[in-house]
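Inside the fold
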Amino acid sequence: MKQRKIPMRKCVACQEMMPKKELIRVVRTPEGETEIDLRGKKSGRGAYLCGKLSCFKLASKNKALDRALKAPVGADIYRRLEQDFIKSEDEFRAVQAETGDDDE
Ligand SMILES: [Zn+2]
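This write-up is about the structure you can find in this document. (Residues numbered from 1 in each chain as written. Predicted model: local features only at pLDDT ≥ 70, side-chain atom pairs only at ≥ 80, totals over all residues.)

Overview of the overall build of the protein chain
Heads up, the condition is: Numbering of helices and strands starts at the N terminus; helices are DSSP runs of H or I of at least 4 residues and strands are runs of E of at least 2. Radius of gyration here uses only the C-alpha atoms, and the compact-globule reference equals 2.2 Å multiplied by the residue count raised to the power 0.38. Three exposure classes are used, based on other C-beta atoms lying within 10 Å of a residue's own C-beta, which is placed from the backbone: buried for 20 or more, exposed for 12 or fewer, and partly exposed in between. We call two residues in contact when the distance between their C-beta atoms, placed using the backbone, is within 7 Å.
Per the secondary structure count, the protein chain includes three helices and five strands. Secondary structure elements of the protein chain, listed N to C terminal, follow the sequence β-β-β-β-β-α-α-α. Here the protein chain has a C-alpha radius of gyration of 14 Å; the compact-globule value for 104 residues is 13 Å, and the two agree. Across its three principal directions, the C-alpha atoms of the protein chain cover 45 × 25 × 25 Å. By the burial criterion, 24% of the 104 residues in the protein chain qualify as buried. Within the protein chain, contacts between residues separated by at least 24 positions form 54% of all contacts whose residues are at least 6 apart in sequence.

Structural data, given as structure tokens:
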């Protein structure tokens, strides 16, 4: 069996390279909305975060998302994303399980 190369992305908070599917994508849509994109399919400029609340909090503290998305992310957006992030954790695991097809 040939091992397929795993796409890697960098967490904007802790700067660690991680397999893309272990990261949560935050996207800035063409409409100017900032939202969590669990399936990595939305169009727009994306930034990646570890699926860990600690990294989200770090990104919120040092405005890493603002820099990565090249747009100001307001405090209210960070608050909303944090709620979504917490809610998303279970769904994120489910999506990971569902898409974990070709790397084992
Ligand atoms: Zn991280």
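There is more to say after this.
Re the sheet that holds strand S3 (residues 23–28)
Working definition: the strands of a sheet are paired by backbone hydrogen bonds and lie parallel or antiparallel to each other. In plain terms, the rule: Being paired, for any two strands, means DSSP has found at least two bridges between them. Axis geometry follows a simple rule: fit a line to the C-alpha atoms, using only the stretch in contact for helices, then measure angles between N-to-C directions, giving values from 0 to 180 degrees.
The strand order across the open sheet built from three strands is S4-S3-S5, with neighbouring strands paired in antiparallel fashion. Of all strands in the sheet, those bounded by a partner on one side alone are strand S4 (34–37) and strand S5 (45–50). The average angle at which neighbouring strand axes cross in this sheet is 30°, direction not considered. Pairing of S3 with S4 involves four bridges; the strand directions are antiparallel. The residue of S4 that forms the bridge with Arg28 is Thr34.

Some remarks on the nonpolar core
The condition is simple: One nonpolar core equals one set of buried Ala, Val, Leu, Ile, Met, Phe, Trp, Tyr and Cys residues connected by C-beta atoms within 7 Å.
Residues Val12, Leu49, Ala59 and Leu65 are the most contacted members of the largest nonpolar core, which totals 20 residues. Put simply, the parts of the chain that give this core at least two residues each are S3, S5, helix H1 (53–62), helix H2 (64–69) and helix H3 (75–99). With residues up to four places along the chain from it excluded, the contact list for Leu49 reads Cys11, Val12, Ala13, Leu23, Ile24, Val26, Cys55, Phe56 and Ala59.

Concerning unusual backbone geometry
Notably, Gln15 is not glycine yet its phi reads approximately 65°, a positive angle. Inspection of the secondary structure assignment puts Gln15 in the loop between strand S1 (8–10) and strand S2 (17–19). Looking at Gln15, the number of C-beta atoms within 10 Å reads 8, which means it is exposed.

As for H1
The line we're drawing: The arc refers to the directions leading from the helix axis to the C-beta atoms.
When we look at burial in H1, the residues that qualify are Cys55, Phe56, Ala59 and Ser60. On an axial view of H1, the arc spanned by its buried residues comes to 140°, and they lie on one face. Within H1, the exposed residues directed more than 90 degrees away from the buried face are Ser54, Lys61 and Asn62. With its phi angle positive at about 55°, Lys63 sits one or two positions after the end of H1.

What about the environment of Gly46?
Topologically, Gly46 is positioned in strand S5. According to the C-beta neighbour criterion, Gly46 is partly exposed, with 16 such atoms within 10 Å. In the structure, Gly46 is positioned 17 residues away from Lys63 in sequence and 15 Å away in space, judged by C-alpha atoms. For Gly46, the residues in contact, after removing those within four places along its chain, are Arg25, Val26, Val27 and Asp37.

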